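# Residue-level structure breakdown
Here are the chains, one letter per residue:
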Amino acid sequence: MLGALGISEFDERVYRALLAKPDRTAREIAEDLDATPSRIRHAVARLLDMGVLRTEGHGQYRPVSPRTALSALLAKYRADSEAAFAAVADVVDDLASEYRASRLQEHPNELVEVITGETAIGLRVAELTQSIRSHFWVLDRPPYLGPYSTELEEAFTKELLDRGVDIRSVYSPEALENHGRFELITRLAQLGEQARLLPTVPFRLRIMDRRVALVALIGGRYDRIAVVHQSGLLDALLELFDVYWQRAQPIVSTAPETPDQPSTDDLLLLRMLQAGYKDQAIARQLGTSARTVTRRIAAIAARLGLETRFQMGAEAAKRGWI
């Protein structure tokens, strides 16, 4: 039963015998288990090394609390297993890279896969996103594959963040027009997604683990994509992403909160103004009317003693709100 922790079946029997009656001698346990005293002593030595027994006087051994000792062993074996699996995964990636490099020498056309049709694209995208381990970098702009759902995006992003994936997203204003998405992105940014905004994004791009990229081939449509594998072309896409990343502005301020900071709703409104949203677009995000948005903006400006939106944005940035 405890073999997964490195404890053999016989050693476990010795351990259980001491749990049942800690003051037994090696000879007494040997008689109960029909074994030699020498074999019992070797088992006890192994259990001492593992920390599940402790010495108590000459020739006397006491079991450590199973919850303490075995939990520690379990944590150690789990950590060792995870490290071993991670090392194997790295080797698999390296072998796959070597295999692909040799294949590309013979068949350069395998450098890029061109996939057409929503069904085929959906299957390939799902396959690649499920294998993400370290990086997920995105240039985000419409159109999207299938209907958009804030619930699915939130669950997907949180799963990646929980796994420690480095998520960097550069959004176009059009990418944040769906109702509730701007608010979702600001919330995810506070959890760990690195989210930035640019007035224009050239095309939709996904980079996974810096080993593969998905590129929409036709602007305004997402029914034909290219899957770019490790190559000079992928290196160029990585450099291109970095250029747009450096130019983009963070959606959420990294400055610490201040005592006079506005409410969460007003901060969201200020961030959308900073991103260049018009009142009508803000209203769509917030699920309200443009007139209500205009009144809220005027109220914020009045509280700050300012007259123009430009002054309000400058003051909000100065105070570290956005």
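The preceding data block contains the structure.
With that settled, consider the packing of aromatic side chains. What the rule picks out here adds up to three aromatic pairs. Aromatic side chains phenylalanine 241 and tryptophan 245 sit 6.1 Å apart centroid to centroid with 15° between the ring planes, which places their arrangement in the stacked category. With a gap of four residues between them, phenylalanine 241 and tryptophan 245 both fall in helix H8 (residues 232-247), about one helical turn apart. Note on tryptophan 245: relative accessible area 4%, which makes it buried. It is arginine 39 that lies over the ring of phenylalanine 10; its NZ or CZ is 3.7 Å from the centre. Stacked on the ring of tryptophan 245, the Lys or Arg arginine 196 has its end atom at 4.0 Å from the ring centre.

Moving on: the sheet that holds strand S8 (residues 212-216). Pairing is mixed across the open sheet formed by eight strands, whose spatial order is S3-S9-S8-S7-S4-S5-S6-S10. The open sheet has two edge strands with one neighbour each: strand S3 (112-116) and strand S10 (249-250). By the bridge criterion, two bridges tie strand S6 (residues 194-197) to S10 in an arrangement that is antiparallel. When the sheet's bridge partners are listed, leucine 197 is paired in S10 with glutamine 249.

Basis of the calculations
Residues numbered from 1 in each chain as written. Predicted model: local features only at pLDDT ≥ 70, side-chain atom pairs only at ≥ 80, totals over all residues. Heavy atoms only, no water. Phe/Tyr/Trp six-rings, centres within 6.5 Å; stacked < 30°, edge-to-face > 60°. Helix = DSSP H or I, 4+ residues; strand = E, 2+ residues; numbered from the N terminus. Buried < 20%, exposed > 50% of the residue type's maximum accessible area, 1.4 Å probe, protein only. Lys NZ or Arg CZ within 6 Å of the ring centre and 35° of its normal. Pairing = 2+ DSSP bridges.

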